[in-house]
Amino acid sequence: MFEKLFMLVKNNAGMAIIDNPVIPVKYHEAMINEASSSIIEVLKGQLENGKLKDLIKYFQFPGIYNNPLINSAVNRFANKLNNYYGMEPEEALATAKALIPPVMQEMIQQSKSGQNNDFALGKLLSSLSGNYNINALLSQLAVA
């Protein structure tokens, strides 16, 4: 799942990172890694903070629940760009906003379409939780 997310970020990195004149070529790969890890950290944080239901709703109804998760991932990535790569805060935020929302929306689309099994909700949550079989819990929450 993590490799697929990296590839998803890399495929969406054109305008935000690759073609961005502010970002030196030597940082492209590292920034793609940072974007991927920012998304993973936010999703894992939802699990660790007991917000599994909110995370499931985000994938089921992205139009309603996208702002908190996407904003959190955008801010996390922007902070990394600012702190580790010396980007000005405004430029870091613009870069994060150009990359993170489309990637997260594509993750949702792929999780729903069955196009990519790694982003199917059960498999995604299992990967985030350290390969814990989460399907039984998902069944209980679907009933609740």
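> Sorry if this is basic, but what is going on with the side chain of threonine 95 here?
Note on placement: threonine 95 falls in helix 6 (residues 89–113). A polar contact is formed between the side chain of threonine 95 and the backbone oxygen of glutamate 91, at a distance of 2.9 Å. Sequence-distant contacts of threonine 95, defined by excluding residues within four places in its chain, comprise Ala16, Ile17, Asn20, Ile23, Phe77, Leu81 and Met87.

> I'm lost on the nonpolar core in this one. Help?
Generally speaking, soluble globular proteins have nonpolar side chains that are buried together. One finds Leu5, Ile17, Ile39, Phe59, Leu99 and Met107 to be the most contacted residues of the largest nonpolar core, which totals 44 residues. Only helix 1 (2–12), helix 2 (14–18), helix 3 (28–48), helix 4 (52–60), helix 5 (62–85), helix 6 and helix 7 (121–128) provide two or more residues apiece to this core. Non-local contacts of isoleucine 17, meaning those with residues more than four positions away in its chain, are made with Ile23, His28, Met31, Ile32, Phe77, Thr95 and Leu99.

> Where do I start with the pattern of salt bridges in this structure?
Where charged atoms from two side chains of opposite charge come close, those side chains can pair. This model, assessed by the stated rule, comprises four salt bridges. Glutamate 29 is the salt-bridge partner of lysine 10, the closest N and O atoms lying 3.9 Å from each other. Of the two residues, lysine 10 sits in helix 1 while glutamate 29 sits in helix 3, which places them 19 residues apart along the sequence. Lysine 10 gets classed as partly exposed once you look at its relative accessible area, which sits at 36%. A residue is classified by how much of its surface remains accessible, and glutamate 29, at 41% relative accessible area, is partly exposed. Among the ionic pairs, arginine 76 bridges to glutamate 41, the shortest N-O distance being 3.1 Å. Taken together, the positions of arginine 76 in helix 5 and glutamate 41 in helix 3 put the pair 35 residues apart, joining distant regions of the chain. Given a relative accessible area of 34%, arginine 76 falls into the partly exposed group. Overlapping salt bridges, with partners in common, bring together Glu34, Glu41, Arg76 and Lys80 in one network.

The rules behind the values
- Residues numbered from 1 in each chain as written.
- Predicted model: local features only at pLDDT ≥ 70, side-chain atom pairs only at ≥ 80, totals over all residues.
- Heavy atoms only, no water.
- Helix = DSSP H or I, 4+ residues; strand = E, 2+ residues; numbered from the N terminus.
- Polar contact = N/O pair within 3.5 Å; in protein donor to acceptor, adjacent residues only side chain to side chain.
- Contact = heavy atoms within 4.5 Å.
- Core = buried A, V, L, I, M, F, W, Y, C linked by side-chain atoms within 4.5 Å.
- Buried < 20%, exposed > 50% of the residue type's maximum accessible area, 1.4 Å probe, protein only.
- Salt bridge = Lys/Arg side-chain N within 4 Å of Asp/Glu carboxyl O.

By themselves, these observations are geometric and do not establish any function.
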